Amino acid sequence: MHFATILLLCTGAVFFARGDPVSEGDGIHPRSPRVKRAPGDTERDCTATPPYIPPTAKDTTALLASLRQAMQTSGYFAGSIQAYIIPAGDAHLSEYISTRDKRREFISGFTGSAGTAVVTNDASGGKAALWTDSRYFLQGEQELDCNWILMKQAEEDVPTIEEWLVSELNPGGRVGVDPQLVSISTWKQYDDALQADGISLVGSSGGNLIDDIWTDRPPPSTAPLITLGLNYTGKSWEDKLTDIRGKMTETEADALVLTKLDEVAWLVNLRGSDVPFNPVFFAYAIVTADTAKLYLDMSKVTDDVRSHLQLGCTTGASCVQVAAYDTLLTAVEALAADSNIRKIWISSASTTYAVFSKSKQILDASPVMKMKSKKNPVEQQGLKNAHVRDAVAKCEYLMWLEEAVPGGSVTEISGADYLEQLRSRQRDYMGLSFPAISASGPNGAVVHYRPTEETNRAVNTEDVYLIDSGGQYRDGTTDVTRTLHFGQPTDYQRECYTLVLMGAINEFLQVFKQGTFGIRLDQAARAPLFSRGLEYGHGTGHGLGSFLNVHEDPYFGRSSGVPVGETGTFITIEPGYYEDGQFGIRLETLAMVREADTKYNFGGRTYLTFEPITLVPFSEKMIKFDMLNMDQLTWLNDYHKKVRETIGPELQRQGKNDVYDWLMKNTQPFETSRITSSGAKAVSYVFIIAFAVVCSIFST
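For clarity, every value in this text was computed on a predicted model and none was experimentally measured.

### Some words on unusual backbone geometry
Point 1. Along the chain, threonine 49 connects to proline 50 via a cis peptide bond; the corresponding omega equals -5 degrees.
Point 2. By secondary structure assignment, the location of proline 50 is in the loop between helix H1 (3-18) and helix H2 (61-73).
Point 3. The linkage connecting aspartate 553 with the following residue, proline 554, adopts the cis geometry, with an omega of 0 degrees.
Point 4. Structurally, proline 554 can be placed in strand S23 (residues 552-555).
Point 5. Positive phi outside glycine occurs at asparagine 269, with the angle close to 55 degrees.
Point 6. Assessed through its relative accessible area of 2%, asparagine 269 is described here as buried.

See the structure below:
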């Protein structure tokens, strides 16, 4: 069959087979109307007279004036510039960054992890604009003052950064950016588009304009490094170097430059705390056939680190040397000039343009990216163990909420703080893996919401409550989301919750080929919501580090890079739904990819499926059972059985008998009589699963 025909059938099959699920009670409820938020509420209103600025927004008037003055007078660009780009990241293009690297947040007030700011000078209109994706649209309206234009990426008629700059500047204009803060691929994208209209992209030399006007910029971290033994890593750094050199030989690379903080930390089995919530430290690494050099703050090279890295040698395959962090660029220039170095391997997406040398480059994804995504047996068991202890804390928290919320004493902040206390009592706890998203009612509609004193709401019996949080443990990283209601949820809220739950279960029921990329698996989680005309604007899931970053490859939305279809890969499954001004629902459960127990193995192929690693119950009162089919109910009962059998004994071992009783009550099996029309639905989902297998075979 022709590939295009198969792809068309695969795309439509989910919707055709799913049909329109039967709803409980008084039938299907229409989607709740969106509430028009009035001035004086949480969002800005720049059309009002005077404009309304919420207390969560920062007054950027004076800062923008200082920046525009610096754009005219600074010597970093050998002349004035008409526009300045302020990226969100640091010199390692990290998602989470240190406080001193939050330049875009400093100039704009916007705290979202994704977004780029652009400021033009007075002669070019004196405008300021910020681009971000749909996860942060609402947050942008809450945090930006009216000096800023919020550019909603991918929305109709919203220009890209390059298109906007071309429309704002005249030919001959100059756009400045710090080359240490943009990737090679992003630089090329900007440069190509601007040059086509006679506009120059100019990299700063010697400094950063935001740093110059940031008078109270925090100092660098002085936190010590942490060494990890084989009982946590499962593989020595010497063996990792051997594996990397093997990949370099395959690619005919004579040198590999690593710039991502988690890749460097993974390679040398060290951790740090230079970046909040991510156990990494500022460092680069260069690997050749017979040398490996780590570039870092030399004050952190303690006796413990020296012993761990066996410092003191000068050559040899198992030799690591150290050098000052700020000498990396000079070292890369030396590699480019070395006649014995024919090819230098760097990642165009994860390496900054400042590191780029136009000669000798192999621009490809780092081999470490894929290596660390596939966990070895020790890492797999460590992640499972960490999630057991984490589930103990989470279950204790959910039990406490049920008791405390009706009394009116719990807020978003106090709840998140108490959950952190519970986690801190567990063995090998090192800290949070990200700021807790503790969101009540309308705050839950902000996908990456973080409660502040200005936004803090009570967790009550009237609203939906979403808690997305995670911990860092020496043996693994956790990230789990559950959504609850401590009163009586509306029928519509239960319908939305059930659609999200169905999507999560659909994902877990998938069987797919080895090597399958996430984009081929993404639709199963979205199909139930699509069938009702609903959707969510974020990814379905992400990889998770082993006592490393909470976000890493693979991702469900990608069609290249690191595939989901590899045994030993860990990835979150987290569909959601968000109703602006009312509530948010997300259900996030970590999964491990393992071999599927299939009746046949066509062509000797290996087929894979997902095993749940997060073990925290779902909320019974939020589920409309007659929307489920038999396969989904069976999976739900099997999941709760695993929660009982795994977390129950650990609760007893820790002497938490009250939490054990709560867990037993909340993981009772659900009777099949609670679902209706199960036969027809089960047939339809068999059809979906069969089509998923066909799609996987023909599309990879």
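### Overview of the UniProt feature "domain: Peptidase M24 C-terminal" (unreviewed entry) in the chain
Point 1. As recorded in UniProt, the sites labelled "domain: Peptidase M24 C-terminal" (unreviewed entry) are residues 607-670.
Point 2. Helix makes up 52% of residues 607-670 and strand 9%. Its end C-alpha atoms lie 30 Å apart.

### Observations concerning the domain arrangement of the chain
By a frequent convention, interface size equals the accessible area lost on bringing the separate parts together.
Point 1. Annotation of the chain at the domain level lists domain 1 (60-213), domain 2 (226-368) and domain 3 (377-675).
Point 2. Counting residues at the interface gives 16 residues for domain 2 and 18 residues for domain 3.
Point 3. Interface of domain 2 and domain 3: buried area, both sides summed, is about 1,400 Å²; carbon and sulfur atoms make up 60% of it.
Point 4. The three residues of domain 2 that bury the most area against domain 3 are Tyr232, Asp262 and Phe277, which together make up 47% of that side's buried surface.
Point 5. Where domain 2 packs against domain 3, one counts zero salt bridges.
Point 6. Remark: the boundary between domain 2 and domain 3 carries four residue pairs in polar contact (both at pLDDT 80 or more).
Point 7. Elements represented by at least two residues in the side of domain 2 that touches domain 3 include exactly strand S7 (226-227), helix H8 (230-233) and helix H10 (261-268).
Point 8. Counting residues per element, the side of domain 2 that touches domain 3 draws most heavily on H8, at four residues.
Point 9. For the side of domain 2 that touches domain 3, the class distribution of residues is nine nonpolar, five polar and two charged.

### A short note on the sheet that holds strand S18 (residues 471-473)
What links the strands of a sheet is backbone hydrogen bonding, and the strands pair in either a parallel or an antiparallel sense.
Point 1. Across the sheet, which stays open at both edges, the three strands sit in the order S15-S18-S19 with antiparallel pairing between neighbours. Each edge of the open sheet carries a strand with a single partner, namely strand S15 (429-432) and strand S19 (476-477).
Point 2. Where S18 lies against S19, two bridges are found, and the strand directions are antiparallel. By the bridge assignment, glutamine 472 is partnered in S19 with threonine 477.
Point 3. Against the sheet, helix H15 (residues 412-424) touches S15 and S18, its axis set at about 165 degrees to S15.

### Focus: the sheet that holds strand S13 (residues 344-346)
Point 1. Strand order in this open sheet of six strands is S12-S11-S10-S8-S13-S14, and the pairing throughout is mixed. Looking along the sheet, the strands with just one partner apiece sit at the ends: strand S12 (321-324) and strand S14 (361-363). Strand-to-strand twist across the sheet, computed as the mean angle between neighbouring axes with direction ignored, equals 20 degrees.
Point 2. As defined by bridge partners, strand S10 (residues 283-288) adjoins strand S11 (residues 292-296) across five bridges and the pair is classed as antiparallel. If you follow alanine 285 over to S11, its bridge partner there is leucine 294.
Point 3. Contacting strand S8 (255-258), S10 and S11, H10 runs over the sheet at an angle of about 60 degrees to S10.
Point 4. Each of S8, S10, S11, S12 and S13 touches helix H12 (residues 328-337); the most contacted strand, S10, lies at about 20 degrees to it.

### Examining the pattern of salt bridges
Point 1. Within this structure, the stated rule accounts for 33 salt bridges.
Point 2. Residue lysine 300 is joined to aspartate 274 by a salt bridge in which the shortest nitrogen-to-oxygen separation is 2.4 Å. Here aspartate 274 lies in the loop between strand S9 (270-271) and S10 and lysine 300 lies in the loop between S11 and helix H11 (303-309), a separation of 26 residues in the sequence.
Point 3. Aspartate 274 sits in the buried class, given a relative accessible area of 8%.
Point 4. The closest approach of N and O atoms between glutamate 611 and lysine 642, which form a salt bridge, is 3.3 Å. With a gap of 31 residues between them, glutamate 611 in strand S28 (residues 607-612) and lysine 642 in helix H18 (residues 630-653) connect regions that are remote in the sequence.
Point 5. What you see here is one network of salt bridges that share partners, running through Asp101, Arg103, Asp211 and Arg217.

Quick notes on the rules
Residues numbered from 1 in each chain as written. Predicted model: local features only at pLDDT ≥ 70, side-chain atom pairs only at ≥ 80, totals over all residues. Heavy atoms only, no water. Helix = DSSP H or I, 4+ residues; strand = E, 2+ residues; numbered from the N terminus. Buried < 20%, exposed > 50% of the residue type's maximum accessible area, 1.4 Å probe, protein only. UniProt positions renumbered as here; feature names shortened; annotations may be inferred. Domains from an automatic or database assignment. Contact = heavy atoms within 4.5 Å. Buried area = accessible area lost by both parts, 1.4 Å probe. Salt bridge = Lys/Arg side-chain N within 4 Å of Asp/Glu carboxyl O. Polar contact = N/O pair within 3.5 Å; in protein donor to acceptor, adjacent residues only side chain to side chain. Nonpolar A, V, L, I, M, F, W, Y, C, P; charged D, E, K, R; others polar. Pairing = 2+ DSSP bridges. Axes fitted to C-alpha atoms, helices over the stretch in contact; angles between N-to-C directions.

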